[in-house]
Amino acid sequence: MFFRQYQLACLSLFSYVVGEDTTGRAVVVDPQRDITAYLDDARSNGLTIERIIETHFHADFLSGHLELAEATGAATSFGSAAEAEFPFERLAHGQRLVLGDVTLEVRHTPGHTPESISVVVWEHAHDPEPWGVLTGDTLFVGDVGRPDLLTSLGWTADELARRLYRSLHDQLLTLPDETRVFPAHGAGSACGRAMSDAVSSTIGEQRRLNYALRPMSEDAFVEVVIQGQSVAPAYFAFTADSNRRVHDLLDDAEAPARLQADDLERHQRDGAIVIDGRSPEAFASGHVRSSVNIGLDGRFAEYAGDVARAGQAIVLVTDEGRETEAKVRLARIGFDRVQGAIVEVERLLAERPDLAERATRLAAADLAAWRDGEPALQIVDVRGPDEQESGVIPGAGRMPLARLLEQHRELDPGASTVVYCAGGYRSSIAASLLRSLGFTRVADLQGGFDAWATAGLPVETEAPGLRPGRGP
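Quick caveat: nothing in here was measured; it's all calculated off a predicted structure. Each chain carries its own residue numbering, running from 1 in the written order of its sequence. For this predicted model, a pLDDT threshold of at least 70 governs which residues receive local features, and a threshold of 80 or more governs which side-chain atom pairs are given and counted, while totals over whole chains, interfaces and linings are taken from all residues. Remark: hydrogens and water are excluded; side-chain values derive from all non-hydrogen atoms of the structure.

**Some details on the overall build of the protein chain**
Next, step 1: Along its length, the protein chain carries 16 helices and 25 strands.
Next, step 2: For 472 residues, the compact-globule estimate of 2.2 N^0.38 gives 23 Å, and the protein chain sits close to it at 24 Å.
Next, step 3: Here the protein chain, with 472 residues, has 57% of them falling under the buried criterion.
Next, step 4: In this tally, Lys and Arg are treated as positive and Asp and Glu as negative; His is ignored, and so are the chain termini. Note that the charge is assigned to NZ on lysines, CZ on arginines, CG on aspartates and CD on glutamates. If the 45 positive side-chain charges of the protein chain are averaged to one point and the 71 negative ones to another, these points end up 3 Å apart. Note on conventions: DSSP H or I runs of at least 4 residues are helices, E runs of at least 2 residues are strands, and numbering of each starts at the N terminus. Atoms counted for the radius of gyration: C-alpha only. Globule rule: 2.2 Å times residue count to the power 0.38. Three exposure classes are used, based on accessible area relative to the maximum for each residue type with a 1.4 Å probe and protein chains only: buried under 20%, partly exposed in between, and exposed over 50%.

Spelled out as structure tokens, the structure:
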């Protein structure tokens, strides 16, 4: 058997190639959109990719099934409950896919989505027990798939949670304890809330350690898995829908066009968002006016999906040599309208100082002094609700980054505003977004809440209500 796991850390994504060495037949499961690694590995190992299996319609990334089908001629397969506008093969519950001696068994495991499936892997067709199972977003290491992402499509979280309970207990926990578990996501993904850093596990280990698999009634399970979920990134609905549709194919080697100042101004007039992928420190020292800072060294695509609108034109600012990386990472969530890139922004701003501005970043002590001296100061916590449970800066309003684009009107754009997150990465995104939306006096807290708490400054643990001038 040929088995390889691919890890895309910036989206906490796992995908897989499963094949048979003797026959050369292989399948790819849950591929990311840039497919070069799958093609290269298949070629170097004498494999022919004959099928693409999607465990469900993903919300957090745009799949590469269209790109792989075009490149290889492989058939695309989903569970039998799937509906899409492109041709695909429906896989029945219990259906076996034979690659040679290696055999795959499809199990319908709805719950995270109605069409979710898992794929049981048999190293030898006549083995008494399976080798492993690819669980998609049904079962993670330490967690299970959240059931609350499809409420806008007519499914309630309660309905899907009940289906998830039955899928776990009737289809996955009936596998032998030694069965290896390979999920579609790991720690950091918004598709669950308590995923482990481990890249794989076993059914037995999850039976013992996974909070959602402890002995409990179906009603108790529903309550456990619905409560406490993070705010879903704003782009999820768009990407889940895009995965059902035909769209342009990605060339992951094609660099974006190089832009000059006149190009930049024209695209901005036409409504493009400028996304600056440099570090928060470099961005603060000088950047294009109204640009939004999302550092490429963080979860770039995910946060871009929070602050750019689906289908919006995008101009990139990056360090030299990283512009193609930025384009591809945006394409992984379906944000394809990259108009081009500026890779020498310091030179451009030196030649056109009228396009430049700086950002203010405050140390914790400076914010404490400003807060004491200006009672009307608007402080906004852009962390997730789970992070805020440990405390917030006194008087801060709570507005997670994923909601800021839609809820910023609840803030006063003319008031002095300070935003903060845990460590300073998301606050630079939030502060620059607010400036791009017309807020005139915005700073962010360098080092975030961690720096504030470490300095021994006061922390508020009770959730405040609405306060005049302080946001939600």
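**Side note on the pattern of salt bridges**
Next, step 1: Salt-bridge detection follows one rule: a side-chain nitrogen of Lys or Arg within 4 Å of a carboxyl oxygen of Asp or Glu. Tallied over the full model, the rule gives 37 salt bridges.
Next, step 2: One salt bridge connects Arg258 with Glu323, and the closest N-O pair in it is separated by 3.2 Å. Here Arg258, found in the loop between α6 (236–242) and α7 (261–269), pairs with Glu323, found in helix α10 (residues 323–331); they are 65 residues apart in sequence, far enough to count as distant.
Next, step 3: Glu325 serves as the salt-bridge partner of Arg329, at 2.8 Å between the closest nitrogen and oxygen. Separated by 4 residues within a single helix, Arg329 and Glu325 lie in helix α10, roughly one turn from each other.
Next, step 4: Salt bridges sharing partners connect three or more residues here, namely Asp158, Arg162, Arg166, Glu218 and Asp219.

**Things to note about the sheet that holds strand β19 (residues 338–342)**
Next, step 1: Spatially, β17-β15-β18-β19 is the arrangement adopted by the 4 strands of the open sheet, whose pairing is parallel. Looking at the sheet topology across the chains shown, the edges are occupied by β17 (292–293) and β19. By the convention used here, strands pair only if DSSP detects at least 2 bridges between them.

**Observations concerning the sheet that holds strand β7 (residues 96–98)**
Next, step 1: Spatial ordering of the open sheet is given by β7-β8-β9-β10-β13-β14, a layout of 6 strands whose pairing is mixed. At either end of the open sheet lies a strand with only one pairing partner, and these are β7 and β14 (201–202).
Next, step 2: Bridging between strand β9 (residues 117–122) and strand β10 (residues 132–136) involves 3 bridges; their strand directions are antiparallel. Bridge pairing in β10 links Val121 to Gly132.
Next, step 3: Lying on the sheet, helix α3 (residues 157–172) is in contact with β8 (103–108), β9 and β10; it crosses β8 at an angle near 145 degrees. Contact between two residues is taken to exist if any of their heavy atoms lie within 4.5 Å; hydrogens are not considered. Axes, fitted as lines to C-alpha atoms, cover a helix only where it is in contact. Angles between the N-to-C directions of the axes lie from 0 to 180 degrees.

**Overview of the pairing of strand β15 (residues 273–276)**
Next, step 1: Burial along β15 is two-sided: Ile273 and Ile275 and Val274 and Asp276, pointing in opposite directions, are all buried.
Next, step 2: Relative to strand β18 (residues 314–317), β15 runs parallel, the two being bridged by 4 bridges. Counterpart to Ile273 in the pairing with β18 is Ile314.

**Concerning the packing of aromatic side chains**
Next, step 1: Stacked, tilted and edge-to-face are the three classes assigned to paired rings of Phe, Tyr and Trp, where Trp is represented by its six-membered ring and a pair needs centres within 6.5 Å; plane angles under 30 degrees give stacked, over 60 edge-to-face, the rest tilted. Applying the stated criterion across every chain, the model contains 15 aromatic pairs.
Next, step 2: Judged by centre distance (5.7 Å) and plane angle (35 degrees), the rings of Phe3 and Tyr16 are tilted. With a gap of 13 residues between them, Phe3 in strand β1 (residues 2–8) and Tyr16 in strand β2 (residues 13–19) connect regions that are remote in the sequence.
Next, step 3: Three or more aromatic residues link up through ring pairs in this structure, and these residues are Phe3, Tyr16, Trp131 and Phe182.
Next, step 4: Positioned over the ring face of Trp122 is Arg96, at 4.8 Å from the centre of the ring.
Next, step 5: Taking the ring centre of Phe449 as reference, the NZ or CZ of Arg383 above it sits at 4.3 Å. Two limits define a charge over a ring: the Lys NZ or Arg CZ must be within 6 Å of the ring centre, and within 35 degrees of the ring normal.

**Focus: the nonpolar core**
Next, step 1: Counting residues in hydrophobic clusters, the biggest one holds 50 residues, and the most contacted among them are Leu11, Ile294 and Leu316.
Next, step 2: Leu316 has contacts with Ile275, Phe300, Glu323, Ala326, Lys327, Leu330, Val338, Gly340, Ala341 and Ile342, leaving out every residue within four places of it along the chain.
Next, step 3: Definition of nonpolar core: a set of buried residues of the types Ala, Val, Leu, Ile, Met, Phe, Trp, Tyr and Cys, connected through side-chain atoms within 4.5 Å. With 20 residues, the next largest nonpolar core counts Val133, Leu168, Leu175 and Val222 among its residues.

**Comments concerning unusual backbone geometry**
Next, step 1: A positive phi angle, near 50 degrees, is found at Ser12, a position not held by glycine.
Next, step 2: The topology assignment puts Ser12 in the loop between β1 and β2.
Next, step 3: Taking relative accessible area as the criterion, Ser12 reaches 6% and is therefore assigned buried.
Next, step 4: Backbone geometry at Asp30 places phi at a positive 55 degrees, although glycine is not the residue there.

**Some thoughts on the confidence of the model for the protein chain**
Next, step 1: On average, residues of the protein chain score 94 in pLDDT, and 97% of them reach the 70 mark or higher.
Next, step 2: Confidence drops under pLDDT 50 across residues 464–472; counting only partners more than four residues distant or on other chains, this segment forms 23 contacts. Note on scores: pLDDT gives the predictor's confidence for each residue, bounded by 0 and 100.

**Thoughts on the packing of helix α9 (residues 300–307) against helix α15 (residues 425–436)**
Next, step 1: Where α9 contacts α15, the two axes come as close as 11 Å, and the packing angle between them is 30 degrees. Our classification of the angle between α9 and α15 gives roughly parallel. Crossing angle aside, the handedness with which α9 passes α15 is right-handed. Residue-level contacts link Phe300, Tyr303 and Val307 of α9 to Tyr425, Arg426, Ile429 and Leu433 of α15.
Next, step 2: Asp, Glu, Lys and Arg are counted as charged, while Ala, Val, Leu, Ile, Met, Phe, Trp, Tyr, Cys and Pro are counted as nonpolar; the rest, among them Gly, fall into the polar class. Residue composition of the contact of α9 with α15, grouped by class: 6 nonpolar, no polar and 1 charged. Any angle between 65 and 115 degrees counts as roughly perpendicular, while under 35 counts as roughly parallel, over 145 as roughly antiparallel, and the rest as oblique. Handedness of a crossing is defined here by the sense of rotation of the near helix relative to the far one, left-handed for an anticlockwise turn of less than a right angle and right-handed for a clockwise turn.

**Focus on the side chain of Ser416**
Next, step 1: Tracing the chain through its elements places Ser416 in the loop between α14 (401–407) and β24 (417–420).
Next, step 2: Throughout this description, a polar contact denotes any pair of N or O atoms lying within 3.5 Å of each other; where both atoms belong to protein, one of them has to be capable of donating a hydrogen while the other can accept it, and for residues adjacent in sequence the pair is counted only when both atoms sit in side chains. In terms of polar contacts, Ser416 uses its side chain to reach the side chain of Arg441, at 3.3 Å.
Next, step 3: Apart from the residues within four sequence positions on either side, Ser416 is in contact with Trp370, Glu374, Leu377, Gln378 and Arg441.

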